[in-house]
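This is what each chain is made of:
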Amino acid sequence: MNAGSRVPRWLRVTLPAVLILVWLVGAAIGGPYFGRVDEVSSNDRTAYLPATAEATEVQERLSGFTDGDAVPAVVVFVAGDGQGPAGELTDDDLTAIGERLTAAGDLDVVDGDVSPPIPSEDGAAAQAFVPLSGSADLGEATGELRDTLSEDLPTGVDLYITGPAGFTSDLASAFAGIDGLLLGVALAAVLVILVVVYRSLLLPLAVLATSMFALCLALLTVWHLARSGVLLLSGQTQGILFILVIGAATDYALLYVARFREELVRTPDRWTATWRALRGSFEPILASGGTVIAGLLCLLLSELRSNSTLGPVAAVGIAFAMLAALTLLPALLLALGRAAFWPRRPAYDPAAERAGSARGGERGLWGRVSRAVRTRPRTIWITTAAVLALGCVGITQLQASGVPQSELVLGASEARTGQDRLAEHFPAGSGSPVYVVAPQDELQRAADVLLQEDGIAQVAISADTPSGTAPVTAGGVQAAEPVVSDGEVLLQGTLEDAADSAAAEQTVRDLRTAYADSVPEALVGGESATDLDTNDASIRDRTLIVPIVLVVILLILMLLLRAVLAPVLLILTTVLSFGTAMGVAALVFNDVLGFPGADPAVPLFGFVFLVALGIDYNIFLMTRVREESMEHGTREGVLRGLRLTGGIITSAGLVLAATFTALAVIPVLFLAQLAFIVAFGVLLDTFAVRSFLVPALGYDIGRAIWWPSELARGQR
């Protein structure tokens, strides 16, 4: 009597129906939250800095000197060809520009006084500062401001909106396609791969439904956690969540489908096949998902909240991906039975049932690969390792010390163009000053430090004047008394260089060093300081978290495989694959795509995803190898495990690579680089590490690979 015949018929019908209904209700509730993530997300970089960062402390104290939480927009007006004498702005032009700025001051999105036009020394341009409300949608706010300023603007005068508001608006526009474009591209890529793999339409739809239902519930959970203030969300985190859930849920589904199909050949009863498939896939799916979650939660150790919040957000997604693959998909396939595989339905084979174990025949591609591993294992693993090691050489060329904010958005950027035009006629740092908060009784000494710094073009102090500031020279404050908040004053230094440049960051470093010697209580903040503190925190995070992730995953593998040597070797092969991916990525970024560099978080995220996800395929392989080794011996178990998992793991790798590649449709430098690193690294793991390096190494070592477990002391 098989397991299926002992289960009451009503339960066999009711249980899958209830599970499917529960997931349907959950998806119906979570589905409408697509498109609403911007309600609880923020792209403000200061919000993600650690509370102890100097830039954060300055940001918190600014409210004592300024009204509200306005975000400055720098508006640049430039004379076009033939405008005025020698391309200069005329008095009539400046008058008309002033009128448009006055009209802009009446907009609801403006929070504070709009400055008059400030002409450049060469007379070819003018700039103005417009404070936009921090609570407004900056994309819509800058659009409304642009429309107002462009109306009746003199012919031949070009208008650009740049500064913090302009760059934030560009970034928001880049992320605007996440809900539709990113999701559509990812799902389309997965659907094509699944149709090719299964040569069926119904089964791919069941797998995609599993992924989408998991994403709906993950998004619902994350949205409410963000709304309650438990988590921080950004467009970047949202995009990674979408890709991780779709890719991981599909991978886990592929593993279950393979076991279910295998069991349908061994038993005529779909209920028995379901329970056998669950028993065979539960441990590897749980171990795989648990490994990814453990690796992601290591990001909680990050000083940057953009990193630390990604950990739990992505972990929630992986948890729902596992849950859907182990509940919803089995219920769907139990209900559909062999019809799910139409037109290639698996037929019941009594001989397979009597054998009691998958045969893993030697025909086909993976049969040929296994024969090659059997014949020349040492040659294969040494050659593969040598090629991967050669690819690691390029990692020395990776420029991951940070990129300017103006380079974050790929393609056209009005804010970036505006910053370039601003730098042609004004100090490049106009509109994004260095802020210095200092004790009131140290005002002159603090001002002198700013004045003596080569990277500072002008110095002003927050004061009770119509413009809100007063100029400062070596002789001191030139007009009005400074604004004092809690015994402190606020100085502003206009940077000679663009606020997001490496030169501006160096100016901040130099100022902090100078103040440490002369005015230790002084704090330096602003856009450049935020960039500097973010990059420094990212480098610290990378140094701390990478070894911790390795140790955590190593311990999980030891528990899973009941061995020490095999997990160590799996970790080493995955790290080797990561090094190769980063080395090749450095060459592609520098010499092919011409990227300006990389954020320090790119290697960290690439490492966490590649090691955690790459180890998945080794888990899928080695859990099956261990299962087969217990019956057939280690060397035969390696070959059988390779043949039995080769097709499914390759399909899973292609799916995950395709979903991460979809990140590249969002025109953001960080996501484009992460997409290449993870997609290329996953393909390396799939076709080189898991297909050749690990099986050949395991076959060459033999049963000693399971040391010190009892399996290592077996006869084969």
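These numbers were taken from a predicted model, which means no experiment stands behind them.

Cut-offs and rules
Throughout this description, residue numbers start from 1 for each chain and increase along the sequence as written. pLDDT decides what is reported in this predicted model: residues at 70 or higher carry local features, side-chain atom pairs at 80 or more are listed and counted, and totals for whole chains, interfaces and linings draw on all residues regardless. By convention in this description, side-chain values take in all heavy atoms of the structure and omit both hydrogens and water. Cavity: a set of points on a 1 Å grid over the protein atoms alone where a 1.4 Å probe fits but cannot get out. Pocket: an open set with protein on both sides within 12 Å along at least five of seven lines, its lining residues, like those of a cavity, having an atom within 4 Å of a point. Grid points are joined across faces, edges and corners, and a volume is the space filled by probe spheres set on the points. Helix numbers and strand numbers start at the N terminus; a helix is a DSSP run of H or I with at least 4 residues, a strand a run of E with at least 2. All residues other than Ala, Val, Leu, Ile, Met, Phe, Trp, Tyr, Cys, Pro, Asp, Glu, Lys and Arg, Gly among them, are scored as polar; the first ten of these are nonpolar and the last four charged. Given a helix with a known number of residues, its expected span is that number minus one, times 1.5 Å. Burial classification: accessible surface area is computed with a 1.4 Å probe over protein chains only, and a residue below 20% of its type maximum counts as buried, one above 50% as exposed, and the rest as partly exposed. For patch building, the residue pool is restricted to those with more than 30% relative accessible area and no salt bridge; the joining distance is 9 Å between like charges and 5 Å between nonpolar side chains (Val, Leu, Ile, Met, Phe, Trp, Tyr). Accessible surface is estimated by sampling points in the Shrake-Rupley manner with a 1.4 Å probe; for residues, cover comes only from the protein chains shown. The salt bridge criterion pairs a side-chain nitrogen of Lys or Arg with a carboxyl oxygen of Asp or Glu, the two atoms within 4 Å. Charge counting treats Lys and Arg as positive and Asp and Glu as negative, with His and both chain ends excluded. Charge positions are represented by NZ for Lys, CZ for Arg, CG for Asp and CD for Glu. Side-chain atoms within 4.5 Å are what join buried Ala, Val, Leu, Ile, Met, Phe, Trp, Tyr and Cys residues into a set we call a nonpolar core. By the convention used here, residues are in contact when the closest approach between their heavy atoms is within 4.5 Å. Think of it this way: a Phe, Tyr or Trp ring, Trp meaning its six-membered ring, pairs with another when their centres are within 6.5 Å, and the plane angle makes it stacked under 30 degrees, edge-to-face over 60, tilted otherwise. Sitting over a ring, as applied to charges here, requires NZ of Lys or CZ of Arg to be within 6 Å of the ring centre and within 35 degrees of the ring normal. A fitted line through C-alpha atoms serves as each axis, taken over the contacting stretch for helices, and the angle formed by two N-to-C directions is quoted from 0 to 180°. Here the word oblique covers every angle except those under 35 degrees (roughly parallel), over 145 (roughly antiparallel) and from 65 to 115 (roughly perpendicular). In this scheme, a crossing is called left-handed if the near helix is turned counterclockwise away from the far one by less than a right angle; it is called right-handed if the turn is clockwise. N or O atoms closer than or at 3.5 Å make up a polar contact, with two conditions inside protein: a donor-capable atom paired with an acceptor-capable one, and, for residues adjacent in sequence, both atoms drawn from side chains.

## Let's talk about empty space enclosed by the protein
- Applying the stated criterion across every chain, the model contains four cavities of 30 Å³ or more.
- Each pocket or cavity is described by its volume, and for the second largest cavity that value is around 120 Å³.
- Together, 15 residues line the second largest cavity, and G163, F167, Q419, S432 and A499 are the ones closest to its centre.
- Mapped onto the lining of the second largest cavity, the elements with two or more residues apiece are helix 5 (163-174), helix 15 (414-425) and helix 18 (527-561).
- When the residues that make up the lining of the second largest cavity are grouped by side-chain class, the tally is five nonpolar, seven polar and three charged.

## Notes on helix 8 (residues 235-266)
- Taking 1.5 Å per residue as the helical rise, helix 8 with its 32 residues ought to reach 46 Å, and the 47 Å between its terminal C-alpha atoms agrees with that figure.
- Burial within helix 8 is extensive, with 29 of its 32 residues counted as buried.

## Points about the environment of D486
- One can find D486 in the loop between strand 8 (476-477) and strand 9 (488-495).
- When the C-alpha atoms of D486 and G64 are compared, they prove to be 8.1 Å apart, with 422 residues separating the residues in sequence.

## Details of a negative patch on the surface
- Residues D38, D108, D137, E140, E144 and D147 make up a contiguous surface patch of negative charge.
- A relative accessible area of 40% means that D137 is categorised as partly exposed.

## Here's the deal with the nonpolar core
- Counting 165 residues, the largest nonpolar core has Y252 and F609 as its most contacted members.
- No other element matches the 18 residues that helix 20 (residues 601-632) contributes to this core.
- Discounting residues that sit within four places of it in the chain, F609 has contacts with I240, L244, L296, L310, G614, F660, L674 and V678.
- Counting residues in each nonpolar core, the second largest holds 32 residues, with I456, A504, V519 and A522 among its members.

## Thoughts on the packing of aromatic side chains
- This model, assessed by the stated rule, comprises 13 aromatic pairs.
- Seen from their ring centres, F589 and F595 are 5.5 Å apart, and the 45° between their planes marks the pair as tilted.
- For F595, a relative accessible area of 15% corresponds to the buried category.
- Taken together, the ring pairs connect F589, F595, F676 and F680 into an aromatic cluster.
- When the ring centre of Y699 is taken as reference, the NZ or CZ atom of R635 above it lies at 5.6 Å.

## A few points about a nonpolar patch on the surface
- Together, L21, L24, V25 and I29 give the surface a local cluster of nonpolar side chains, amounting to about 360 Å² of exposed area.
- Its location among the elements puts L21 in helix 1 (residues 9-30).
- A relative accessible area of 53% means that L21 is categorised as exposed.

## Here's the deal with the packing of helix 19 (residues 565-592) against helix 20
- The contact between helix 19 and helix 20 brings their axes to 9 Å, and the two run at 135°. As far as their axial angle goes, helix 20 and helix 19 are oblique. As helix 19 runs across helix 20, the sense of the crossing is right-handed. On helix 20, the residues touching L570, I571, T573, T574, F578, A581 and M582 of helix 19 are P603, G606, F607, L610, V611, I615, N618 and M622.
- In the contact of helix 19 with helix 20, the residues fall into 11 nonpolar, four polar and no charged.

## Quick look at helix 20
- When the terminal C-alpha atoms of helix 20 are compared, their 45 Å separation across 32 residues agrees well with the 46 Å that a helix rising 1.5 Å per residue should span.
- Across the 32 residues of helix 20, 29 count as buried, placing the element largely inside the fold.
- Once helix 20 ends, the next one or two residues include G633, with phi positive near 95°.

## Notes on the side chain of T148
- Within the element layout of this structure, T148 appears in helix 4 (residues 138-150).
- Here E144 takes part through its backbone oxygen, which lies 3.1 Å from a polar atom of the side chain of T148.
- Beyond its immediate sequence surroundings of up to four residues, T148 is in contact with R100, A103, A104 and L107.

## Considerations on unusual backbone geometry
- Of note, the bond from W342 into P343 is cis; its omega dihedral lies within 30 degrees of zero at 10°.
- Residue placement: P343 occurs in the loop between helix 11 (310-336) and helix 12 (350-355).
- Cis geometry is found at the peptide bond from W707 to P708, where omega equals 5°.
- Phi is positive for D152, which is not a glycine, with a value near 60°.
- Within the fold, D152 resides in the loop between helix 4 and strand 4 (157-162).

So, to be careful, I would describe these as geometric facts and stop short of saying anything about function.
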